[in-house]
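This is what each chain is made of:
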Amino acid sequence: REALQAHLGHSFLIVCAEQALELDDNDLHAPAHVCRGCNSASNLSALHFAASSRANGESGRLVVKKLLSLNPECAKLEDSTGSLPMHRIVENKDKSNWRLDGAKDLYAANTLAINAVDNDGRLPLHRAAKAIMHQLNVSDELMLANSVVYNLLDAHAEAACQTDNFGCL
């Protein structure tokens, strides 16, 4: 189990295919600089860890794609906070690019995830809105194509009208 999350630079190493199927039972704890928010929940899959990790770009996406190929059903697993891997990846400020960081791949694996609410009634759009990052010197077209918030709205515009458990849009 300890090998589930061997951190090498900015990428994760999955040693055995079976590790992609395991769930955390409060014995896997990543350092905060490796995996934001992982230590506050349990019932995490390797895909949850990858979505929360700081690994981004092609190396981060490669891990997400590999885990999805080993166990596509993990895209549908909720952790103890009611979060799917989609919730975690869209709120991750290190993964602000829809296409390059793996969010698009997670969406393709579970298109219903954009309608899923966590224990606080938050959709992925709620959580993505908290993590908005502005990119300078990027064309409007490129910014929209890569924007997590734009792509979530494009797939489920009605989400913008749904309040969470605290009445927030």
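Heads up: the structure comes first, above all this text.
Residues numbered from 1 in each chain as written. Predicted model: local features only at pLDDT ≥ 70, side-chain atom pairs only at ≥ 80, totals over all residues. Heavy atoms only, no water.

1. So, the environment of R127
Inspection of the secondary structure assignment puts R127 in helix α5 (residues 124–130). Residue classification places R127 among the buried positions, given a relative accessible area of 8%. Note: C-alpha distance between R127 and V149 (22 residues apart in sequence) is 9.5 Å. Among the polar contacts listed, one links the side chain of R127 to the side chain of S83, at a separation of 2.7 Å. (Helix = DSSP H or I, 4+ residues; strand = E, 2+ residues; numbered from the N terminus. Buried < 20%, exposed > 50% of the residue type's maximum accessible area, 1.4 Å probe, protein only. Polar contact = N/O pair within 3.5 Å; in protein donor to acceptor, adjacent residues only side chain to side chain.)

2. So, the nonpolar core
Within the largest apolar cluster, 27 residues are counted, with the highest numbers of intra-cluster contacts made by L47, V64, I89, V90, L106 and L152. When residues of this core are traced back to their parent elements, those giving at least two are α1 (46–52), α2 (57–70), α3 (85–90), α4 (103–109), α5 and α7 (148–155). V90 has contacts with P124, R127, A128, A131, V148 and L152, leaving out every residue within four places of it along the chain. (Core = buried A, V, L, I, M, F, W, Y, C linked by side-chain atoms within 4.5 Å. Contact = heavy atoms within 4.5 Å.)

3. Quick look at the packing of aromatic side chains
Going through the model one piece at a time under the given rule, you end up with one aromatic pair. With 6.0 Å between their ring centres and 45° between their planes, W98 and Y107 make a pair best called tilted. (Phe/Tyr/Trp six-rings, centres within 6.5 Å; stacked < 30°, edge-to-face > 60°.)

4. Description of α7
Turning to α7, its buried residues number three or more, namely V148, V149, N151 and L152. Down the axis, α7 shows its buried residues gathered within 165° of arc, on one side only. Structurally, α7 contributes buried residues whose contacts are with α3, α5 and α6 (140–146). Its side-chain oxygen at 3.4 Å from the backbone nitrogen of V149, S147 defines the N-terminal cap of α7. (Arc of directions from axis to C-beta.)

5. Focus: the pattern of salt bridges
Any two side chains of opposite charge can pair if their charged atoms end up close together. Per the counting criterion, the structure on display carries eight salt bridges. Residue R54 pairs with D94 through a salt bridge whose shortest N-O separation is 2.9 Å. Taken together, the residues span a long stretch of sequence, with R54 in the loop between α1 and α2 and D94 in the loop between α3 and α4 at a distance of 40 residues. Residue R122 pairs with D120 through a salt bridge whose shortest N-O separation is 3.5 Å. Each of E91, D118 and R127 takes part in one network of salt bridges that share partners. (Salt bridge = Lys/Arg side-chain N within 4 Å of Asp/Glu carboxyl O.)

6. Here's the deal with a nonpolar patch on the surface
On the surface, M143, L144 and Y150 cluster together into a nonpolar patch covering about 240 Å² of accessible area. The topology assignment puts L144 in helix α6. (Patch = residues over 30% accessible without salt bridge, like charges linked within 9 Å, V, L, I, M, F, W, Y side chains within 5 Å. Areas by Shrake-Rupley, 256 points an atom, 1.4 Å probe, with all protein chains shown as cover.)

7. Looking at the environment of A145
Tracing the chain through its elements places A145 in helix α6. For A145, a relative accessible area of 30% corresponds to the partly exposed category. When the C-alpha atoms of A145 and W98 are compared, they prove to be 7.7 Å apart, with 47 residues separating the residues in sequence. With residues up to four places along the chain from it excluded, the contact list for A145 reads W98, R99 and N151.

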